[in-house]
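# Architecture and fold: a report
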Amino acid sequence: MAKKDKVLIFDTTLRDGEQAPGASMNEKEKLEIAYGLERLGIDIIEAGFPVISKGDFDSVQMVAKHIKTSTVCGLARSIKKDIEAAADAVKPAKKKRIHVFLATSKIHLQHKLRKSEDEILKMAVDAVTLARQKVDDVEFSPEDASRSEKEFLFRILEAVIKAGATTVNIPDTVGYGVPSEYGRLIADIANNVPNINKAIISTHCHDDLGLAVANSLAGVMNGARQVECTINGVGERAGNASLEEIVMAINTRSDVYGCTTNVKTKEICRVSRLVSKATGFVVPPNKAIVGANAFRHESGIHQDGVLKERTTYEIIRPEDVGFHGTGLVLGKHSGRHAFRDRLKALGVILKDKELDTAFERFKAVADKKKQVFDEDLIAIVEDEIKVFQKIWSLDSVTYQSGTNVKPQVEVVLKSKGKKYTKSSSGDGPVDACYKAIDAITKLKGELIDYSIQSVTRGKDALGEVMVKVKMDGKQVIAHGTSTDILEASAKAYINAVNKTLSQKKDTKK
Ligand code: KIV
Ligand code: ZN
């Protein structure tokens, strides 16, 4: 059998993904995600756009310092100061890349850049030449390529490859392309750019028409050997092509695509959850590959078929993407060893102290909830192992509420061994609870978004609350879980307080 071509996976969750409205992540969350992407076997991680802020520069540099196996990439406009910032930020990386971009469509040239084609061509060549003086691995993107004149596109690609670009990326910046047309564009580039054999062709598709994955795969069918995508498809406007869908399509239908990737698919669900938590974007249950219902068979006919032979209705084995079923795993009589072994089987390895805290929490949950599922264990661990300091913690929350009763909540918080109590009333129990926490912590939060989801099924399921809160002029996202939804709400809000205070401490350092 002929050897299959490799398609490189370029993840831009930390750059284009973070451009999704309301998705900004802090440095520690970005590093956690970068580790997750490295475990996933991602070839290139685009860690950010270093010139746009000190925060962006620092997080690209932090990723560059810690990531060893993936290439770390920084984005730059075709401007000297951008390229210098990107070069400085990726400098500590073992494998580094600078990604320069410049718009090439008539619309962008006339209205945004107000430059002629020749001026643009010179800027692109100068930018790639400078980037190549800094690193050996340089990518060039003609922004809005799918709406650019093909002749000009071929000309600029030939010129940047001559100047040293090792990857040429073809963005469908506004998500306007359709698969037949985008695939044709990639084929035309492969056939009309004389020195194209010196560079890898890459796809970068946005999802405005819901075609980002289909367009990217059409690109692969026509010779692209790098795909740019994001976890859960997060990104600017309707988002980018979803990484998990592309990888699993290439994997599952290798008979059609004739390609492979380096992705370790068993890590997919874990990273998906990590990104969902950090961005606050809940994954819809019907989302392909990572949605809660992606492997659930409800119809009796389907269930019967799967029980007789899995392949009747399943094209992917759930465990191949790290999706764990809701089989009963542990109960209140389970010991520390069983708890640790089950976590290990789920790919979670904790340090002794973290294991102690998580086990204590597991015991409390198992006391209230007879059946503790894998999803519960993951939620417990994620809830306990925070990427920020636990300055405040919840001791207790008691409330009185109901029809025709004004909600009254008493909150007891702990900090440095001392307890603080406050009672409050409000429009509802959550409002009253948050007012009490504000009064104790002296940090007034504005609740921007709140959602609650059950972690598993059943009336005794753990509830997971996500809050998006503006505190101290900054927006933070935090979570909390409990079988009691007011307790979960209180924990989520306290985590938002802790995150805000930790970030304040970090910036003072
Ligand atoms: O969508 C786009 O054009 C981009 C470029 C910076 C590659 O994100
Ligand atoms: Zn983009």
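Attention here is on the structure that accompanies the text. (Residues numbered from 1 in each chain as written. Chains lettered and ligands numbered in written order. Predicted model: local features only at pLDDT ≥ 70, side-chain atom pairs only at ≥ 80, totals over all residues. Heavy atoms only, no water.)

## Observations concerning the sheet that holds strand S15 (residues 418-425)
The cut-off we apply is this: Only strands joined by at least two bridges in the DSSP assignment are considered to pair. Secondary structure is summarised from DSSP: a helix means a run of H or I of at least four residues, a strand means a run of E of at least two, and numbering begins at the N terminus for each. Comment: axis = line fitted to C-alpha atoms, over the contacting stretch for helices; angle = value between 0 and 180 degrees taken between N-to-C directions. By the convention used here, residues are in contact when the closest approach between their heavy atoms is within 4.5 Å.
Overall, antiparallel pairing links the three strands, which are arranged S13-S14-S15 in an open sheet. Where the open sheet ends on each side, the last strands, each with one partner, are strand S13 (393-402) and S15. Direction aside, neighbouring strands of the sheet carry axes that sit 10° apart on average. Pairing geometry for S13 and strand S14 (residues 405-415), over eight bridges, is antiparallel. Bridging across to S14, glycine 402 finds its partner in valine 405. This element, helix H16 (residues 429-441), spans S13, S14 and S15 of the sheet and lies at about 35° to S14.

## Observations regarding the nonpolar core
Generally speaking, a soluble globular protein has its nonpolar side chains buried in company with each other. Here is the rule: What is meant by a nonpolar core is a set of buried Ala, Val, Leu, Ile, Met, Phe, Trp, Tyr and Cys residues, joined one to another through side-chain atoms within 4.5 Å. Only protein chains enter the accessibility calculation, which uses a 1.4 Å probe; a residue whose area is less than 20% of its type maximum is buried, one above 50% is exposed, and one in between is partly exposed.
Within the largest apolar cluster, 93 residues are counted, with the highest numbers of intra-cluster contacts made by Ile9, Leu40, Ile98, Phe140, Ile170, Ile189 and Val321. Sort the elements by how many residues they give to this core and helix H6 (residues 150-162) lands first, with eight residues. Once you skip the residues sitting within four places of it in the chain, isoleucine 170 turns out to touch Pro142, Ala145, Leu157, Tyr182, Leu185, Ile186, Ile189, Ile201, Ser202, Thr203 and His204. Core analysis: the next-biggest nonpolar cluster, separate from the first, contains 27 residues, Leu413, Cys433, Ala436 and Val469 among them.

## Focus: the packing of aromatic side chains
Keep this limit in mind: Note on ring pairs: Phe, Tyr and Trp rings are taken, using the six-membered ring of Trp, and paired if centres are within 6.5 Å. Classes follow the plane angle, with under 30 degrees stacked, over 60 edge-to-face and the rest tilted.
For the structure on display, the rule yields seven aromatic pairs. Taking the centre distance of 5.4 Å and the plane angle of 55° together, the rings of phenylalanine 339 and phenylalanine 359 count as tilted. Here phenylalanine 339, found in helix H13 (residues 336-345), pairs with phenylalanine 359, found in helix H14 (residues 352-368); they are 20 residues apart in sequence, far enough to count as distant. Taking the centre distance of 5.0 Å and the plane angle of 25° together, the rings of phenylalanine 339 and phenylalanine 362 count as stacked. Separated by 23 residues along the polypeptide, phenylalanine 339 in helix H13 and phenylalanine 362 in helix H14 bring together distant segments of the chain. One aromatic cluster is present, built from ring pairs that chain together Phe339, Phe359 and Phe362.

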